[in-house]
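# Structural features, examined
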Amino acid sequence: MSEEQHIGIPGYLAVFAFLFIATIVTYVVALQDLDGMFFPGTNTLVALAIAFVKMTAVVLFFMHVRWQSRLIWLAVVSGFFWMAIMFAYTMQDYLTRSVIGF
Amino acid sequence: MENVDSINTGEGQGEEKVNYLTNGFSIKSWLLTKDHKRIAIMYLISVSVFFFIGGIYASLIRLELLTPASDLLESGTYNKVFTGHGVIMVFFFLIPAIPAILGNFLLPIMIGAKDLAFPRINLLSLYIYWVGGAFTMYALLQGGVDTGWTFYTPYSTTFSNSYVMAVGLGVFINGFSSILTGLNFIVTTHTMRAPGMTWFRLPLFVWAHYATSLVMILGTPVVAITILLLAVERFTQTGIFDPALGGDPILFQHLFWFYSHPAVYIMILPSMGVISELMSSFSRKKIFGYEFIAFSSIAIAVFGFLVWGHHMFVSGQSIYAGLVFSFLTMVVAVPSAIKMFNWTATMYKGSVSYDTPMLYAIGFLGLFLVGGLTGLFLGSIGLTVHLTDTYFIVAHFHYVMVGGTVLGYLGGIHYWWPKMTGRMYSEFWGKISAMLVFIGFNLTFFPQFILGYQGMPRRYAAYPEEFQVLNIFSTAGASVLGIGMVLPVIYLVASLINGKKAGDNPWLLPGLEWRTSSPPPTFNFEETPVITWEAYSFGEESGLDIDKARRESRVSPTA
Amino acid sequence: MAQHDNHDDHSHPPGLQHQFDDMGQQMDSVTIGMWTFLAQEIMFFGGLFTAYLVFRSRYPMAFAAGSNILDAFWGWLNTLVLIVSSLTMALSVYYAQKGNRNLQVIMIVLTMVFGSVFLGVKAIEYTDKYTHGHIPVDGWNMVVPEGEHGEDHSESATLTLPFETRVEAAEAGKDPHPNPRGEFQISDKEVELVTLAQEEGFLTETEKVGYFNNRGEFDRDKFTDKVQIFFWIYFVMTGLHALHMIVGLGIMLWLLYKAWKFTFSAEYYSPVEISGLYWHFVDIVWIFLFPLLYLLGRHFLAGGH
């Protein structure tokens, strides 16, 4: 425990600056019509991608997972994996309602 | 009487050491205890109370179904009775039964720990269970709920005139008891193992509880949020489950079964853990295929999350999703079958003794086999259309839940009773009751397979006359089953008063829990054990002197 | 009460509980315990996100309408506030590890301040929804009698005004939303979204059934029901998130007391650490709620077209 398991004050400030900028970016980008520029759903994709990157920064540095054991990594990943299971298997019903005559 | 004399001898010097039961007698020393064993005993009493309340509901159901007409209970009351039976049995008996009683008591002892990692959270989870239970009982007595234990929308949100929110809230609260227990088990298994207790030296009971805890942690919050949504929707009369407002009742079913199917594995996995212990112990043989049983528990926990849609085959879910869920349901049968093969292989060429716990365990094998195989009927998307909402389903899940969980639970209670209380129960009455349970159970539920196949729908107070004969069989069986369930209460309690002293190791077994005194001291072991042997090793390497153990034990059931 | 004394042979470090052998084991246990709890929390919110996902995929335009009704500025501000509070929380863990009690206390106080600001902003938003008829329960909104407002306010013209102007208008008693029964209501501006989507041809099959009547005509009531679903989900999600914030503030209060009493040191700081994990988790939930609730679909009205 005595070894430094954090990134120090400059590191924390850097992560904060990144989160701050990302928040501004996500707001600005949301007002642009990326769907029209690229393909439908780009806006959603970009917003979620930014949120995901922000989350990763918080998890790794503010929550110190970067220095944690494999077990903690497993707990984090399995939490999200199970949520993904819930999304995927629920949506496989909703998105296929019209596929086979239903 | 000698026990009473020696209570105050104190520091573990005399023959009668201070154990967890004699370490303080005040009510406060129980209600504010942090000792996992005392908490387990309090769970044992509370869960038994709920079991008998659920049993009263069950007998009402069976009495009503004795005659084709709806004469004892009118339909509305009947709805409330079967809902009460389901809610009490599922949420307040089956889910906490083995983890909260046997798991709580044994998991720390089996891994050589002083206590669970978070004793206060453990006590908190008991209190949450009490609050949730009291809340639910109050609502059930005030007028009950008539939605079925599944609370399907939009009936539960819009139309039902019963205490849906109160009962739902009770279930919601109770969920956190389950979550906290699971959390405690996971952390304890990871960090509290004694020196030398590697993962592959853990008893399979611990593996099973670890898998159960995973399901508790990852599943229970979903049902909590689902019931919360249901309560908010019922309160505001707008929301996301009412099709009249553009909502979707199927979403409720998805969310509900995302937990409630894995919840079936919360019920059965700990029971499988008990059976693994019993099979090895009473065959006096190393368990066959340790790794397979261990990993099949984890596999069941994981795959159990992928099959919930098989409850929704005829609910309006897409056919494509039905196919996927049907296939995965077949897949989840594989790890269960692996366990069955390994248990029977353990008995093969073992020195099998038919003590009461083993009778329950063998009963489990038969009943779980029938329950599991009929599960395949219901998991196949074509046949299930015929069988949905008939007594076939009722029979199937009672074979798994009662034949699986309750038999494992009773077997475990008998097996560890000498460890928990230091007393031996009457072997004669134990065998009688195990037989009664097995016979009564089959007589109750096997006719229901036939009834269901012939098309008798579930959840009705009245039925056509041609179904009466089989229903009389079923009610007769339920009476036998009832006697078989009441008997253990009598002779187990009697054993506390006049039971023989059990000794530390009455079954002459190498497991860690049998190497501490009976009942165990407050911190489980006099000194932290160091494990140098593999699990279930009966030979020299276990360091167990069978002759010495036999001399020290006052009863020798294998003799 | 009789106790086994063999555990008290060696002196206990402060904060070590009886069931553990040493501080390392205790630290490992509480960390794993907290992460297990957070996995549980992920699934708890996961149920809500699933509901969001299902309905958003069914009624994208109704959800876009809901996003446009919400005031993204407040949501954006709250995101920043929470990020700052996450920073101060991380720093309070840092100073706890360093044994710097004064800075630790300051950081905890700052975290609480920002947490309270977040809740304050949330209260402003909720009040705004109340006055404008956006609470998704009929009868729970502010009752605005008909006919007390100047005739010169044509609804659609006023509603395109920025939020601040609308608030001023409301304060001046010129609220343009007559709402005599306190019902949930939407404005013409949101309806435009459906027209837009219909023209561009990206209405989904479920939307064609969901917003239109049997004769294929747009049915405003049916559309309003779907926007109402958005707001129902919005209130449940943000409400539960706010509840977690309140619990977090309670934990902070306890931490503050403990830190004030010089409890934490380089050897024993796990309560700060795991409280921090909880706080950051609540922050992460908001990081997702912000784009999902406030931003998606905003480009339909803000951007080109």
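Cut-offs applied
- Residues numbered from 1 in each chain as written.
- Chains lettered and ligands numbered in written order.
- Predicted model: local features only at pLDDT ≥ 70, side-chain atom pairs only at ≥ 80, totals over all residues.
- Heavy atoms only, no water.
- Helix = DSSP H or I, 4+ residues; strand = E, 2+ residues; numbered from the N terminus.
- Buried < 20%, exposed > 50% of the residue type's maximum accessible area, 1.4 Å probe, protein only.
- Contact = heavy atoms within 4.5 Å.
- Areas by Shrake-Rupley, 256 points an atom, 1.4 Å probe, with all protein chains shown as cover.
- Lys, Arg positive; Asp, Glu negative; His and termini not counted.
- Charge placed at Lys NZ, Arg CZ, Asp CG, Glu CD.
- Phe/Tyr/Trp six-rings, centres within 6.5 Å; stacked < 30°, edge-to-face > 60°.
- Lys NZ or Arg CZ within 6 Å of the ring centre and 35° of its normal.
- Axes fitted to C-alpha atoms, helices over the stretch in contact; angles between N-to-C directions.
- Left-handed = near helix turned anticlockwise from the far one by under 90°.
- Nonpolar A, V, L, I, M, F, W, Y, C, P; charged D, E, K, R; others polar.
- pLDDT = per-residue confidence, 0-100.
- 1 Å grid on protein atoms, 1.4 Å probe; cavity = no way out; pocket = protein on both sides within 12 Å on 5 of 7 lines; lining within 4 Å.
- Points joined across faces, edges and corners; volume = space filled by probe spheres on them.
- Expected span 1.5 Å × (residues − 1).
- Bend = angle between axes of the 7 residues up to and from the residue.
- Polar contact = N/O pair within 3.5 Å; in protein donor to acceptor, adjacent residues only side chain to side chain.
- Buried area = accessible area lost by both parts, 1.4 Å probe.
- Salt bridge = Lys/Arg side-chain N within 4 Å of Asp/Glu carboxyl O.

Scanning chain A from terminus to terminus reveals four helices and zero strands. The N-to-C order of helical and strand elements in chain A reads α-α-α-α. Taking the principal axes of its C-alpha atoms as reference, chain A extends roughly 65 × 35 × 15 Å. Of all 102 residues assigned to chain A, the portion counted as buried reaches 44%. Sequence separation of 24 or more characterises 52% of the internal contacts of chain A that already satisfy a separation of 6 or more. When the accessible surface of chain A is summed, it comes to about 5200 Å², and 76% of that surface belongs to carbon and sulfur atoms. One finds the centroid of the 4 positive side-chain charges in chain A at a distance of 7 Å from the centroid of its 5 negative side-chain charges.

Moving on to the overall build of chain C. Helix and strand content of chain C: 11 helices and zero strands. Written out in order from the N terminus, the α and β elements of chain C read α-α-α-α-α-α-α-α-α-α-α. Taken across its 305 residues, chain C has 60% of its residues classed as buried. Across chain C, every contact between residues at least 6 apart in sequence was considered, and the portion connecting residues at least 24 apart equals 81%. Entry remark: accessible area of chain C is about 11900 Å², with carbon and sulfur atoms responsible for 58%.

It is worth spelling out the packing of aromatic side chains at this point. For the structure shown, the criterion picks out 79 aromatic pairs over all chains. Centroid distance F212(C) to F218(C): 5.8 Å. Interplanar angle 75 degrees. Geometry classified as edge-to-face. By the ring-pair criterion, three or more aromatic residues cluster together here, those being Y52(C), F63(C), F118(C), Y126(C), F184(C), F230(C), F231(C), Y234(C), F235(C), W286(C), F290(C) and Y294(C). One residue, R66(A), lies across the ring of W67(A), its end atom 5.5 Å from the ring centre. Over the face of the ring belonging to Y94(A) we find R97(A), whose NZ or CZ atom lies 4.7 Å from the ring centre.

This part is about the packing of helix α4 (residues 70-94) of chain A against helix α9 (residues 249-283) of chain B. Contact geometry for α4(A) and α9(B): axes closest at 11 Å, N-to-C directions at 145 degrees. The element α4(A) and its partner α9(B) pack so that their crossing is right-handed. Of α9(B), the residues touching α4(A) (which contributes W82(A), I85(A), M86(A), Y89(A), T90(A), D93(A) and Y94(A)) are I250(B), L251(B), H254(B), L255(B) and F258(B). Here the residues of the contact of α4(A) with α9(B) are counted per class, giving nine nonpolar, two polar and one charged.

Moving on: the confidence of the model for chain C. Residue and element names in this part refer to chain C. Scored by pLDDT, chain C has a mean of 85; 85% of the residues are at 70 or more. Predicted confidence for residues 1-10 stays below pLDDT 50, and this span has 17 contacts to residues more than four positions away or in other chains. Under a pLDDT of 50 for its full length, residues 149-154 has, in the predicted model, six contacts with residues more than four places off or in other chains.

Residue and element names in this part refer to chain B. Put simply, helix α4 (residues 75-110) and helix α14 (residues 391-421) touch, their axes get as near as 11 Å, and they point 35 degrees apart. The handedness of the crossing between α4 and α14 comes out as left-handed. Touching Y78, H85, F93, L94, A97, I98, I101, L102, F105, L106 and M110 of α4 are Y391, H398, M401, T405, V406, G408, Y409, G412, I413, W416, K419 and M420, all from α14. For the contact of α4 with α14, a count of residues per class yields 17 nonpolar, five polar and one charged.

It is worth spelling out empty space enclosed by the protein at this point. Residues and elements named next belong to chain B. Under the criterion given, the structure shown has 11 cavities of 30 Å³ or more. Of the voids in this model, the largest cavity is the one considered here, and its volume is about 180 Å³. Around the largest cavity, the lining comprises 20 residues; the ones closest to its centre are P203, P510, G511, L512 and Y536. With three residues, α9 is the largest single contributor of residues to the lining of the largest cavity. Residues belonging to the lining of the largest cavity are distributed by class as follows: 13 nonpolar, three polar and four charged. What the second largest cavity holds in volume is close to 130 Å³. Lining the second largest cavity are 17 residues, and of these I95, P96, N174, S177 and S178 lie nearest its centre. Those elements that provide at least two residues to the lining of the second largest cavity are α4, α7 (164-191) and α8 (204-236). A total of six residues in the lining of the second largest cavity trace back to one element, the largest contributor, which is α7. Looking at the lining of the second largest cavity residue by residue, the class counts come to 11 nonpolar, six polar and no charged.

Moving on, we come to the environment of A139(B). All names here are of chain B. Here A139 lies in helix α5 (residues 119-142). Accessibility expressed as a relative area gives 1% for A139, which makes it buried. Those residues in contact with A139, other than ones at most four positions away along the chain, are G144, Y163, A166 and V167.

Residues and elements named next belong to chain C. Under the 1.5 Å per step criterion, the end-to-end length of helix α1 (residues 23-58) is 52 Å for 36 residues, consistent within 8% with the ideal 52 Å. Maximum bend of α1: about 25 degrees, positioned at G46. Burial runs high along α1: 31 of the 36 residues are buried. Between a side-chain oxygen at the N-terminus of α1 and the backbone nitrogen of G24 the separation is 3.1 Å; the capping residue is D22.

Chain A puts 48 residues into the contact, and the matching count from chain C is 54 residues. With both chains or domains summed, chain A and chain C bury close to 4400 Å², and 80% of this area falls on carbon and sulfur atoms. Along the contact surface separating chain A from chain C lie zero salt bridges. Viewed at the interface, chain C and chain A are joined by four residue pairs in polar contact (both at pLDDT 80 or more). Put simply, the parts of the chain that give the side of chain A that touches chain C at least two residues each are α1 (8-30), α3 (42-62) and α4 of chain A. No other element matches α4(A), which puts 13 residues into the side of chain A that touches chain C. Of the residues assigned to the side of chain A that touches chain C, the class counts are 32 nonpolar, 11 polar and five charged.

As a further point, take the environment of F282(B). Residue and element names in this part refer to chain B. If you trace the backbone, F282 turns up in helix α9. Once the C-alpha coordinates of F282 and M347 are considered, the two residues, 65 residues apart in sequence, prove to be 8.4 Å apart. Aside from chain neighbours lying at most four places away, what touches F282 is S351, V352, S353, D355, P357, M358, Y415 and W507.

Here the focus is helix α4 (residues 101-131) of chain C. Between its first and last C-alpha atoms α4(C) spans 45 Å; for 31 residues at 1.5 Å apiece the expected length is 45 Å, and the two agree. Note on α4(C): the residue one or two positions beyond its end, G133(C), has a positive phi of about 75 degrees.

Here we take up the interface of chain B and chain A. Listed per partner, the contact involves 22 residues of chain B and 13 residues of chain A. For the pair chain B and chain A, the two sides together bury roughly 1700 Å², of which 74% comes from carbon and sulfur. The tally of links between chain B and chain A comes to zero salt bridges. Counting across the interface, chain B meets chain A through six residue pairs in polar contact (both at pLDDT 80 or more). Secondary-structure elements contributing two or more residues to the side of chain B that touches chain A are α8, α9 and α11 (319-347) of chain B. Counting residues per element, the side of chain B that touches chain A draws most heavily on α11(B), at six residues. Split into classes, the residues belonging to the side of chain B that touches chain A amount to 16 nonpolar, five polar and one charged.

On to the environment of S57(C), then. Following the sequence through the fold, S57(C) ends up in helix α1. Measuring from C-alpha to C-alpha, the distance between S57(C) and P178(C) comes to 32 Å, with 121 residues separating the pair along the chain. Not counting chain neighbours up to four residues away, the residues in contact with S57(C) comprise M91(A) and T206(C). A distance of 2.8 Å separates a polar side-chain atom of S57(C) from the backbone oxygen of V54(C).

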